[in-house]
Amino acid sequence: MSTYFDRKAANRYTDYPVKQPAELMQFLMSTISGISRTKAKELLSQRMVYVNKEIVTQYNYKLQPGQLVQVAKNRHKHDLVSKWVRLIYEDAFIIVVEKKEGILTNALPGDKRENVKAILDEYVKRTSRAFSVNTVHRLDKGTSGILVFAKRRDIQKIFTDNWKEIVSDRRYIAVVQGEMEQDSGTVRSWLTDNKMYVTYSSVVDNGGKYAITNYKTLKRKNGYSLVELKLDTGRKNQIRVHMQDLKHPIAGDIKYGSHPDFFGDHADPIGRVCLHAFRLAFRHPITGENLVFETPFPPSFTNLLK
């Protein structure tokens, strides 16, 4: 049992048994005397509300009779605190986070470098909860944005076996070199890696994996373009290689086309790859609910086009 709910900690929570179906926000406002909508939102955002001993932050979480809602009287000391990872959402089955650029999603066996999975593993260990952290998908080290992890291996398998059916929307924002010629379009090609693990693109089938990237130009200024990218497929290095194909490599992406010899100071203007996964929408693998998560565009991206 979680240390949050041992007998010594019992006086740190107020219990509210669920007697009829309701959404969590509605339940809090109708059950807790005098609570305002703003205060209820604050309890959820500060991760102080538990359903059957698991933190829930989703305001429209569906409650069923027989469940127990508990509200912490004070914020606990087990929050995820990291300069690399921000917790966006957590329930009994999944964890959704935003990672910063400069850190791996997870490391190979024996690799001691800091990574998102290791940070979440420590978070789980610290809170003494009986679940594991299982990687569902990855972002490159230089890319920031939204990641989802499963708390059980069978849930991870549901994601990986049914990714196309579960994930409905996956979008990135990027700053690319030069002014895009088209307002929107689609890049299609086959992607394969060479022996040096560099991904190459081909307009004809080269035995690699077929990849489709849709793009929309949002703004052009100062020798850059701000581009929204929506993936129909999720191949390794797909966006980076497809923007290279368009002759507009992502700013800061030295590996795939943003070379100082060609772009000078524009090659790496903010010291990072200017790619951020800002939107992820998927069907919850257990509850079937449609979840949508978004993060703001990095200010350093938009500042380049002011």
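Residues numbered from 1 in each chain as written. Predicted model: local features only at pLDDT ≥ 70, side-chain atom pairs only at ≥ 80, totals over all residues. Heavy atoms only, no water.

A.B. asks: Honestly, the packing of aromatic side chains in this entry has me stumped. Any pointers?
C.D. replies: The geometry of two aromatic rings is summed up by the distance between their centres and the angle between their planes. Scanning the entire structure with this criterion turns up 6 aromatic pairs. A ring pair is formed by Tyr89 and Phe293, whose centres lie 5.4 Å apart and whose planes are at 50°; its orientation type is tilted. Here the residue Tyr89 occupies a position in strand S7 (residues 85-90), and Phe293 occupies one in strand S17 (residues 290-294), the gap between them amounting to 204 residues. The class for Phe293 is buried, based on a relative accessible area of 9%. (Phe/Tyr/Trp six-rings, centres within 6.5 Å; stacked < 30°, edge-to-face > 60°. Helix = DSSP H or I, 4+ residues; strand = E, 2+ residues; numbered from the N terminus. Buried < 20%, exposed > 50% of the residue type's maximum accessible area, 1.4 Å probe, protein only.)

A.B. asks: In this structure, what is going on with the sheet that holds strand S6 (residues 68-72)? I would like to understand it.
C.D. replies: Consider a sheet: its strands pair through backbone hydrogen bonds, and that pairing is either parallel or antiparallel. One open sheet accounts for 4 strands, arranged S1-S6-S3-S4; its pairing is antiparallel. Strands with a single pairing partner mark the edges of an open sheet, and in this sheet they are strand S1 (13-17) and strand S4 (54-55). Bridge count for strand S3 (residues 49-51) against S4 is 2 bridges, and the pairing is antiparallel. Looking across to S4, one finds that Tyr50 is bridged to Ile55. (Pairing = 2+ DSSP bridges.)

A.B. asks: Help me out: how do you make sense of the packing of helix H1 (residues 24-31) against helix H2 (residues 37-45) in this one?
C.D. replies: One can describe the packing of H1 onto H2 by two numbers: an axis separation of 10 Å at closest approach and a directional angle of 125°. Classified by the angle between their axes, H1 and H2 sit oblique to one another. Two packed elements cross with a definite hand, and for H1 against H2 that hand is right-handed. Seen from H1, the contacting residues are Leu24, Met25, Leu28 and Met29; seen from H2, they are Arg37, Ala40, Lys41 and Leu44. Looking at the contact of H1 with H2 residue by residue, the class counts come to 6 nonpolar, no polar and 2 charged. (Axes fitted to C-alpha atoms, helices over the stretch in contact; angles between N-to-C directions. Parallel < 35°, antiparallel > 145°, perpendicular 65-115°, else oblique. Left-handed = near helix turned anticlockwise from the far one by under 90°. Contact = heavy atoms within 4.5 Å. Nonpolar A, V, L, I, M, F, W, Y, C, P; charged D, E, K, R; others polar.)

A.B. asks: When you look at the pairing of strand S10 (residues 144-150) in this model, what are you seeing that I'm missing?
C.D. replies: In the case of a regular strand, side chains alternate between the two sheet surfaces. Summarising burial for S10: 7 of the 7 residues are buried, a large majority. The pairing of strand S8 (residues 94-99) with S10 spans 6 bridges and is classified as antiparallel. Bridge assignment links Ile95 to a residue of S10, and that residue is Phe149. Here S10 runs beside strand S16 (residues 275-283); their pairing, made up of 2 bridges, is parallel. If you follow Ser144 over to S16, its bridge partner there is His276.

A.B. asks: How should I be thinking about the pairing of S6 in this particular structure?
C.D. replies: By the criterion of burial, S6 is predominantly enclosed, with 4 of the 5 residues buried. The pairing of S1 with S6 spans 5 bridges and is classified as antiparallel. If you follow Tyr13 over to S6, its bridge partner there is Ala72.

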